[in-house]
Amino acid sequence: MLDAVVRERGGPEVAFALLRFLTMGYCLWGVECDVSLAELPRVVRAASANLARAIIELWDLNLVLLDQRRHTIRLSPHAVEQLIARRAPLS
């Protein structure tokens with residue numbers, strides 16, 4: 001019987017997981033798809049410290065917006081342009 005090994009995500013893997021999650025939300029629910037910062041460690045399956053570093057890096061790249069009043073995060077318009085609007089058509 002094999003023991004399940006749980007590996008903690010780190011660095012670029014956390015940033016990619018966060019971008020993927022926010023992009024899916026944007027595609028499903030549009031620009032108002034805010035995600036609670038409190039839910040992110042569970043959703044992205046990353047330690048809070050690793051997640052905080054990824055958020056800072058993505059914020060520095062202008063890919064995410066933080067709403068300090070509501071404690072939420074979402075894709076920035078720049079990220080939408082870079083990640084979604086430039087998709088190549090399936091043909």
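Relevant structure appears above.
Just so you know, these numbers come straight off a predicted model, no measurement behind them.

Caption draft 1: Spatial organisation of the packing of helix α1 (residues 12-29) against helix α4 (residues 77-84). Interhelical geometry of α1 versus α4 gives an angle of 90 degrees and a closest axis separation of 11 Å. It follows that α1 is roughly perpendicular to α4 by the angle criterion. Residues L19, T23, Y26 and C27 of α1 form the contact with α4, whose participating residues are V80, L83 and I84. Along the lines of polarity and charge, the residues of the contact of α1 with α4 split into six nonpolar, one polar and no charged.

Caption draft 2: Broad picture of the sheet that holds strand β3 (residues 72-75). Read across the open sheet, the three strands follow the order β1-β3-β2; overall the sheet is antiparallel. Whereas interior strands pair on both sides, the edge strands pair on one side only; in this sheet they are β1 (35-36) and β2 (64-67). Looking at chain direction, β2 and β3 are connected through four bridges and run antiparallel. Across the sheet, the residue bridging to L66 is I73, located in β3. Packed onto the sheet, α1 meets β1, β2 and β3 and runs at close to 80 degrees relative to β3. Sheet strands in contact with helix α3 (residues 48-60) are β2 and β3, and its direction is about 115 degrees off that of β2.

Caption draft 3: Representation of α1. The terminal C-alpha atoms of α1, which comprises 18 residues, lie 25 Å apart, in line with the 26 Å expected from a rise of 1.5 Å per residue. All buried positions along α1 are accounted for by V14, A15, A17, L18, L19, L22, T23 and G25. For α1, the secondary structure elements touched by its buried residues are β1, α2 (40-44), α3, β2, β3 and α4. Immediately beyond the C-terminal end of α1, within one or two residues, lies G30, with a positive phi of roughly 85 degrees.

Caption draft 4: The side chain of T23, seen in detail. Secondary-structure assignment places T23 in helix α1. Sequence-distant contacts of T23, that is, excluding residues within four places in its chain, are made with L75, L83 and I84.

Calculation rules
- Residues numbered from 1 in each chain as written.
- Predicted model: local features only at pLDDT ≥ 70, side-chain atom pairs only at ≥ 80, totals over all residues.
- Heavy atoms only, no water.
- Axes fitted to C-alpha atoms, helices over the stretch in contact; angles between N-to-C directions.
- Helix = DSSP H or I, 4+ residues; strand = E, 2+ residues; numbered from the N terminus.
- Parallel < 35°, antiparallel > 145°, perpendicular 65-115°, else oblique.
- Contact = heavy atoms within 4.5 Å.
- Nonpolar A, V, L, I, M, F, W, Y, C, P; charged D, E, K, R; others polar.
- Pairing = 2+ DSSP bridges.
- Expected span 1.5 Å × (residues − 1).
- Buried < 20%, exposed > 50% of the residue type's maximum accessible area, 1.4 Å probe, protein only.

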